[in-house]
Amino acid sequence: MAASFQLFAPDSEFLTTDTRATRWAIPYNHACLNARVDVLLNRNRDNVAGARVLDLASHIGTFSYAALQMDAASVHGVDTEADTIRRAGILFANRSVPQARYRFEVRDAFDLLETCDEDAYDTIFCFGMLYYTAEPYRLLTLMKRAARGTILLDTFTAAYAALQGKDALSIHPHVTDEVLNLPIQFTTLTQAEKKDYTLPESFPHKDRNLSLTTFPSIPLLETWFQSLNLKSTAMDWSAYIERPCHWKELWTPEQKKASHWADVYSAGVRAAYRLDVA
(Lines give C-alpha, C1' and ligand atoms only; values in the text may rest on other atoms or scores of the structure.)
Protein backbone atom coordinates (compact mmCIF):
# COMPACT_ATOMS: atom_id res chain seq x y z
CA MET A 1 0.00 0.00 0.00
CA ALA A 2 1.31 3.45 -0.92
CA ALA A 3 2.31 5.84 1.82
CA SER A 4 -0.29 8.44 2.79
CA PHE A 5 1.81 11.62 2.99
CA GLN A 6 -0.18 14.61 1.72
CA LEU A 7 0.88 18.24 1.58
CA PHE A 8 -1.08 19.38 -1.47
CA ALA A 9 -4.86 18.91 -1.63
CA PRO A 10 -6.44 17.81 -4.94
CA ASP A 11 -7.82 21.33 -5.47
CA SER A 12 -4.53 23.09 -4.72
CA GLU A 13 -3.70 25.78 -7.27
CA PHE A 14 -0.24 24.23 -7.50
CA LEU A 15 -2.03 21.31 -9.16
CA THR A 16 -5.01 22.92 -10.90
CA THR A 17 -2.89 25.60 -12.60
CA ASP A 18 -0.08 23.24 -13.65
CA THR A 19 -0.21 22.21 -17.31
CA ARG A 20 1.69 18.94 -16.74
CA ALA A 21 -1.07 16.95 -15.03
CA THR A 22 -1.62 14.37 -17.77
CA ARG A 23 1.84 13.85 -19.20
CA TRP A 24 3.51 10.46 -19.06
CA ALA A 25 6.35 9.63 -16.64
CA ILE A 26 6.07 12.39 -14.02
CA PRO A 27 2.53 13.77 -14.14
CA TYR A 28 1.71 16.64 -11.81
CA ASN A 29 -1.34 14.94 -10.34
CA HIS A 30 -2.34 14.66 -6.69
CA ALA A 31 -0.83 11.23 -5.99
CA CYS A 32 2.43 11.71 -7.87
CA LEU A 33 3.18 15.20 -6.57
CA ASN A 34 2.59 14.36 -2.92
CA ALA A 35 4.64 11.19 -3.20
CA ARG A 36 7.54 13.06 -4.76
CA VAL A 37 7.38 15.77 -2.09
CA ASP A 38 7.47 13.01 0.52
CA VAL A 39 10.49 11.18 -0.91
CA LEU A 40 12.47 14.16 -2.18
CA LEU A 41 11.83 16.66 0.65
CA ASN A 42 9.99 15.20 3.63
CA ARG A 43 12.40 12.29 4.05
CA ASN A 44 15.28 14.75 3.79
CA ARG A 45 13.67 17.24 6.15
CA ASP A 46 16.88 17.50 8.16
CA ASN A 47 18.35 19.31 5.15
CA VAL A 48 15.25 21.39 4.44
CA ALA A 49 14.15 22.72 7.84
CA GLY A 50 16.13 25.86 8.67
CA ALA A 51 17.95 25.80 5.32
CA ARG A 52 18.62 28.46 2.73
CA VAL A 53 17.24 26.64 -0.30
CA LEU A 54 18.00 27.21 -3.98
CA ASP A 55 15.35 25.73 -6.27
CA LEU A 56 16.73 25.39 -9.81
CA ALA A 57 14.15 25.40 -12.64
CA SER A 58 11.58 26.26 -9.99
CA HIS A 59 8.69 26.56 -12.49
CA ILE A 60 5.58 27.77 -10.58
CA GLY A 61 7.28 27.29 -7.20
CA THR A 62 5.66 24.02 -6.13
CA PHE A 63 8.72 22.54 -4.42
CA SER A 64 9.76 25.95 -3.08
CA TYR A 65 6.38 26.21 -1.38
CA ALA A 66 6.70 22.69 0.00
CA ALA A 67 10.13 23.57 1.42
CA LEU A 68 8.69 26.56 3.28
CA GLN A 69 5.94 24.36 4.67
CA MET A 70 8.75 22.18 6.04
CA ASP A 71 10.30 25.20 7.78
CA ALA A 72 13.02 26.13 5.33
CA ALA A 73 14.52 29.46 6.36
CA SER A 74 14.21 30.86 2.82
CA VAL A 75 13.86 29.78 -0.79
CA HIS A 76 15.34 31.27 -3.95
CA GLY A 77 13.65 29.99 -7.08
CA VAL A 78 15.21 30.56 -10.48
CA ASP A 79 13.76 29.75 -13.89
CA THR A 80 14.37 31.03 -17.40
CA GLU A 81 10.65 31.37 -18.13
CA ALA A 82 9.23 34.74 -17.06
CA ASP A 83 5.63 33.55 -17.06
CA THR A 84 6.22 30.69 -14.64
CA ILE A 85 8.11 33.03 -12.30
CA ARG A 86 5.18 35.45 -12.44
CA ARG A 87 2.74 32.64 -11.70
CA ALA A 88 4.86 31.49 -8.75
CA GLY A 89 4.70 34.98 -7.26
CA ILE A 90 0.91 35.02 -7.58
CA LEU A 91 0.53 31.61 -5.95
CA PHE A 92 2.74 32.62 -3.02
CA ALA A 93 0.91 35.93 -2.60
CA ASN A 94 -2.44 34.12 -2.64
CA ARG A 95 -1.21 32.09 0.32
CA SER A 96 0.14 35.12 2.18
CA VAL A 97 3.66 33.69 2.32
CA PRO A 98 5.89 36.35 3.92
CA GLN A 99 7.93 37.98 1.15
CA ALA A 100 11.06 37.93 3.29
CA ARG A 101 11.11 34.13 3.03
CA TYR A 102 11.17 33.74 -0.74
CA ARG A 103 12.51 35.23 -3.95
CA PHE A 104 11.78 34.20 -7.53
CA GLU A 105 14.04 35.32 -10.33
CA VAL A 106 14.18 34.95 -14.11
CA ARG A 107 17.75 33.78 -14.53
CA ASP A 108 19.91 31.11 -16.12
CA ALA A 109 20.99 28.51 -13.56
CA PHE A 110 24.58 28.38 -14.81
CA ASP A 111 24.91 32.16 -14.62
CA LEU A 112 23.65 32.17 -11.04
CA LEU A 113 25.83 29.28 -9.89
CA GLU A 114 28.96 30.71 -11.52
CA THR A 115 28.56 34.13 -9.89
CA CYS A 116 27.15 33.38 -6.44
CA ASP A 117 29.41 32.99 -3.41
CA GLU A 118 30.70 29.58 -2.44
CA ASP A 119 28.40 27.89 0.09
CA ALA A 120 25.75 30.50 -0.72
CA TYR A 121 22.97 27.98 -0.03
CA ASP A 122 22.53 25.18 2.43
CA THR A 123 20.48 22.93 0.13
CA ILE A 124 19.94 22.92 -3.62
CA PHE A 125 16.97 21.34 -5.38
CA CYS A 126 17.61 20.03 -8.90
CA PHE A 127 14.37 18.32 -9.85
CA GLY A 128 13.87 17.58 -13.55
CA MET A 129 16.58 19.90 -14.82
CA LEU A 130 19.84 17.93 -15.16
CA TYR A 131 18.80 16.30 -18.44
CA TYR A 132 17.80 19.64 -19.95
CA THR A 133 21.39 20.84 -20.05
CA ALA A 134 24.13 19.83 -22.46
CA GLU A 135 26.67 19.95 -19.59
CA PRO A 136 25.28 17.94 -16.66
CA TYR A 137 28.68 17.29 -15.06
CA ARG A 138 29.46 21.00 -15.09
CA LEU A 139 26.09 21.66 -13.45
CA LEU A 140 26.89 19.16 -10.70
CA THR A 141 30.29 20.80 -10.18
CA LEU A 142 28.75 24.25 -9.86
CA MET A 143 26.02 23.03 -7.52
CA LYS A 144 28.65 21.49 -5.26
CA ARG A 145 30.45 24.84 -5.14
CA ALA A 146 27.27 26.70 -4.16
CA ALA A 147 25.89 24.17 -1.66
CA ARG A 148 27.15 24.15 1.91
CA GLY A 149 25.33 20.95 2.80
CA THR A 150 23.21 18.98 0.34
CA ILE A 151 22.03 18.67 -3.24
CA LEU A 152 18.70 16.90 -3.77
CA LEU A 153 18.61 15.52 -7.32
CA ASP A 154 15.82 13.89 -9.35
CA THR A 155 16.50 13.09 -12.99
CA PHE A 156 15.76 10.86 -15.95
CA THR A 157 18.49 8.38 -16.87
CA ALA A 158 19.83 6.89 -20.10
CA ALA A 159 16.91 4.42 -20.29
CA TYR A 160 14.55 7.34 -20.88
CA ALA A 161 16.31 8.21 -24.14
CA ALA A 162 15.36 4.77 -25.48
CA LEU A 163 11.70 5.23 -24.54
CA GLN A 164 10.72 8.83 -25.21
CA GLY A 165 11.75 11.71 -27.39
CA LYS A 166 12.66 12.58 -30.94
CA ASP A 167 15.45 10.00 -31.22
CA ALA A 168 13.93 7.14 -29.19
CA LEU A 169 13.02 5.07 -32.25
CA SER A 170 16.66 5.14 -33.36
CA ILE A 171 18.13 4.53 -29.91
CA HIS A 172 15.83 1.80 -28.60
CA PRO A 173 16.97 -1.11 -30.83
CA HIS A 174 20.57 -0.66 -29.69
CA VAL A 175 19.98 -0.47 -25.94
CA THR A 176 20.21 -3.47 -23.63
CA ASP A 177 20.55 -3.90 -19.88
CA GLU A 178 24.25 -4.47 -20.46
CA VAL A 179 24.53 -1.12 -22.22
CA LEU A 180 22.69 0.69 -19.43
CA ASN A 181 25.06 -0.85 -16.88
CA LEU A 182 27.95 0.99 -18.56
CA PRO A 183 28.99 4.52 -17.52
CA ILE A 184 27.56 6.10 -20.67
CA GLN A 185 25.45 9.07 -21.69
CA PHE A 186 22.99 9.68 -24.52
CA THR A 187 22.76 13.18 -25.96
CA THR A 188 19.58 13.65 -27.98
CA LEU A 189 17.53 16.37 -29.65
CA THR A 190 14.23 17.65 -28.32
CA GLN A 191 11.77 20.31 -29.38
CA ALA A 192 12.70 23.52 -27.56
CA GLU A 193 9.13 24.79 -27.15
CA LYS A 194 7.28 22.80 -24.53
CA LYS A 195 3.68 23.26 -23.45
CA ASP A 196 4.26 26.36 -21.32
CA TYR A 197 7.99 26.96 -21.40
CA THR A 198 10.91 27.10 -23.82
CA LEU A 199 14.25 25.45 -23.14
CA PRO A 200 16.99 28.10 -22.86
CA GLU A 201 19.77 26.32 -24.78
CA SER A 202 18.01 26.12 -28.14
CA PHE A 203 19.13 26.51 -31.75
CA PRO A 204 17.60 26.29 -35.25
CA HIS A 205 17.97 22.91 -36.92
CA LYS A 206 16.26 21.87 -40.17
CA ASP A 207 13.62 24.59 -39.87
CA ARG A 208 12.86 23.70 -36.25
CA ASN A 209 13.93 25.11 -32.91
CA LEU A 210 15.63 22.31 -30.98
CA SER A 211 17.63 21.77 -27.80
CA LEU A 212 20.05 19.12 -26.60
CA THR A 213 19.09 16.80 -23.78
CA THR A 214 21.52 14.55 -21.93
CA PHE A 215 20.71 11.28 -20.20
CA PRO A 216 23.52 9.64 -18.19
CA SER A 217 23.25 6.04 -17.09
CA ILE A 218 22.99 5.33 -13.37
CA PRO A 219 26.60 4.00 -13.29
CA LEU A 220 27.80 7.24 -14.92
CA LEU A 221 25.83 9.39 -12.46
CA GLU A 222 27.35 7.53 -9.54
CA THR A 223 30.83 7.82 -11.08
CA TRP A 224 30.33 11.58 -11.34
CA PHE A 225 29.26 11.77 -7.69
CA GLN A 226 32.36 9.85 -6.63
CA SER A 227 34.66 12.03 -8.74
CA LEU A 228 33.22 15.15 -7.07
CA ASN A 229 33.55 13.65 -3.59
CA LEU A 230 29.78 13.81 -3.09
CA LYS A 231 28.37 11.24 -0.70
CA SER A 232 25.38 9.83 -2.60
CA THR A 233 22.35 8.10 -1.16
CA ALA A 234 19.77 6.75 -3.60
CA MET A 235 16.27 7.72 -2.50
CA ASP A 236 13.84 4.90 -1.75
CA TRP A 237 10.57 4.81 -3.72
CA SER A 238 9.42 1.40 -2.48
CA ALA A 239 6.47 2.83 -0.52
CA TYR A 240 4.96 4.02 -3.80
CA ILE A 241 6.01 1.34 -6.28
CA GLU A 242 3.06 -0.89 -7.14
CA ARG A 243 4.89 -3.49 -9.21
CA PRO A 244 8.40 -4.46 -10.28
CA CYS A 245 8.87 -3.00 -13.74
CA HIS A 246 11.48 -3.37 -16.47
CA TRP A 247 12.22 -0.34 -18.62
CA LYS A 248 11.24 -2.18 -21.81
CA GLU A 249 7.73 -2.55 -20.39
CA LEU A 250 7.31 1.21 -20.91
CA TRP A 251 8.12 1.25 -24.60
CA THR A 252 4.80 1.36 -26.48
CA PRO A 253 2.14 4.08 -26.18
CA GLU A 254 -0.23 1.46 -24.77
CA GLN A 255 2.29 0.46 -22.10
CA LYS A 256 2.89 4.07 -21.15
CA LYS A 257 -0.83 4.77 -20.88
CA ALA A 258 -1.34 1.74 -18.63
CA SER A 259 1.68 2.45 -16.43
CA HIS A 260 1.69 3.78 -12.87
CA TRP A 261 3.71 6.96 -12.33
CA ALA A 262 6.20 5.17 -10.04
CA ASP A 263 7.08 2.64 -12.76
CA VAL A 264 9.81 4.98 -14.02
CA TYR A 265 11.55 4.72 -10.65
CA SER A 266 10.97 0.96 -10.39
CA ALA A 267 12.50 0.50 -13.85
CA GLY A 268 15.48 2.82 -13.32
CA VAL A 269 14.21 5.22 -15.98
CA ARG A 270 14.35 7.95 -13.38
CA ALA A 271 16.49 8.15 -10.25
CA ALA A 272 16.79 10.45 -7.25
CA TYR A 273 19.74 11.02 -4.92
CA ARG A 274 20.65 12.90 -1.81
CA LEU A 275 24.16 14.26 -2.38
CA ASP A 276 25.99 15.39 0.74
CA VAL A 277 28.88 17.77 0.23
CA ALA A 278 31.97 16.50 2.01
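Preceding block: the structure.
Everything in this summary refers to the structure shown in the same document. (Residues numbered from 1 in each chain as written. Predicted model: local features only at pLDDT ≥ 70, side-chain atom pairs only at ≥ 80, totals over all residues. Heavy atoms only, no water.)

**Thoughts on unusual backbone geometry**
You will see that alanine 57, though not glycine, has its phi angle at about 55 degrees, which is positive. Tracing the sequence through the fold places alanine 57 in the loop between strand 1 (52–56) and helix 3 (62–69). Residue class for alanine 57 comes out partly exposed when judged on its relative accessible area of 33%. Its identity as a non-glycine residue notwithstanding, aspartate 71 has a phi of 70 degrees, on the positive side. Tracing the sequence through the fold places aspartate 71 in the loop between helix 3 and strand 2 (74–79). Assessed through its relative accessible area of 52%, aspartate 71 is described here as exposed. (Helix = DSSP H or I, 4+ residues; strand = E, 2+ residues; numbered from the N terminus. Buried < 20%, exposed > 50% of the residue type's maximum accessible area, 1.4 Å probe, protein only.)

**A look at the environment of glutamate 254**
Structurally, glutamate 254 can be placed in helix 11 (residues 253–258). Placed 173 residues apart in sequence, glutamate 254 and glutamate 81 show a C-alpha to C-alpha distance of 33 Å.

**Let's talk about the packing of aromatic side chains**
Under the criterion given, the structure shown has 22 aromatic pairs. Centre to centre, the rings of phenylalanine 125 and phenylalanine 127 are 5.0 Å apart; their planes meet at 20 degrees, and the pair counts as stacked. Between the aromatic rings of tyrosine 240 and tryptophan 261, the centroid separation amounts to 6.0 Å while the plane-to-plane angle is 45 degrees, which identifies the pairing as tilted. Taken as a pair, tyrosine 240 in the loop between strand 9 (230–234) and helix 11 and tryptophan 261 in the loop between helix 11 and helix 12 (263–266) lie far apart in primary sequence, 21 residues in all. The buried category is assigned to tryptophan 261, whose relative accessible area is 9%. By way of ring pairs, the aromatic residues Phe8, Phe14, Tyr65, Phe92, Tyr102 and Phe104 are connected into one cluster. Over the ring of tryptophan 24 we find lysine 256, and its NZ or CZ is 5.1 Å from the ring centre. (Phe/Tyr/Trp six-rings, centres within 6.5 Å; stacked < 30°, edge-to-face > 60°. Lys NZ or Arg CZ within 6 Å of the ring centre and 35° of its normal.)

**Digging into the nonpolar core**
Counting 62 residues, the largest nonpolar core has Leu41, Phe63, Phe125, Trp247 and Val269 as the members making the most contacts within it. For this core, the leading source of residues is helix 2 (residues 30–40), giving six residues. Leaving out residues up to four positions away in the same chain, phenylalanine 63 has contacts with Tyr28, Leu33, Arg36, Val37, Leu40, Leu41, Asp55, Phe125 and Phe127. Formed by 31 residues, the second largest nonpolar core is a distinct cluster that contains Val78, Leu130, Leu139 and Leu142. (Core = buried A, V, L, I, M, F, W, Y, C linked by side-chain atoms within 4.5 Å. Contact = heavy atoms within 4.5 Å.)

**Things to note about the sheet that holds strand 9**
With mixed pairing, the seven strands of this open sheet are ordered in space as 3-2-1-4-5-10-9. Here the strands that pair on one side only, and so sit at the sheet edges, are strand 3 (102–106) and strand 9. With strand direction ignored, the average angle separating the axes of adjacent strands in the sheet is 15 degrees. Both strand 9 and strand 10 (residues 270–277) contribute to a ladder of five bridges, which runs antiparallel. Looking at the pairing, alanine 234 lines up with tyrosine 273 of strand 10. Contacts from helix 3 reach strand 1, strand 2, strand 3 and strand 4 (121–127), with the element oriented near 175 degrees to strand 2. Strand contacts of helix 10 (residues 218–227): strand 5 (147–156), strand 9 and strand 10, with the helix running at about 5 degrees to strand 10, the strand carrying the most contacts. (Pairing = 2+ DSSP bridges. Axes fitted to C-alpha atoms, helices over the stretch in contact; angles between N-to-C directions.)

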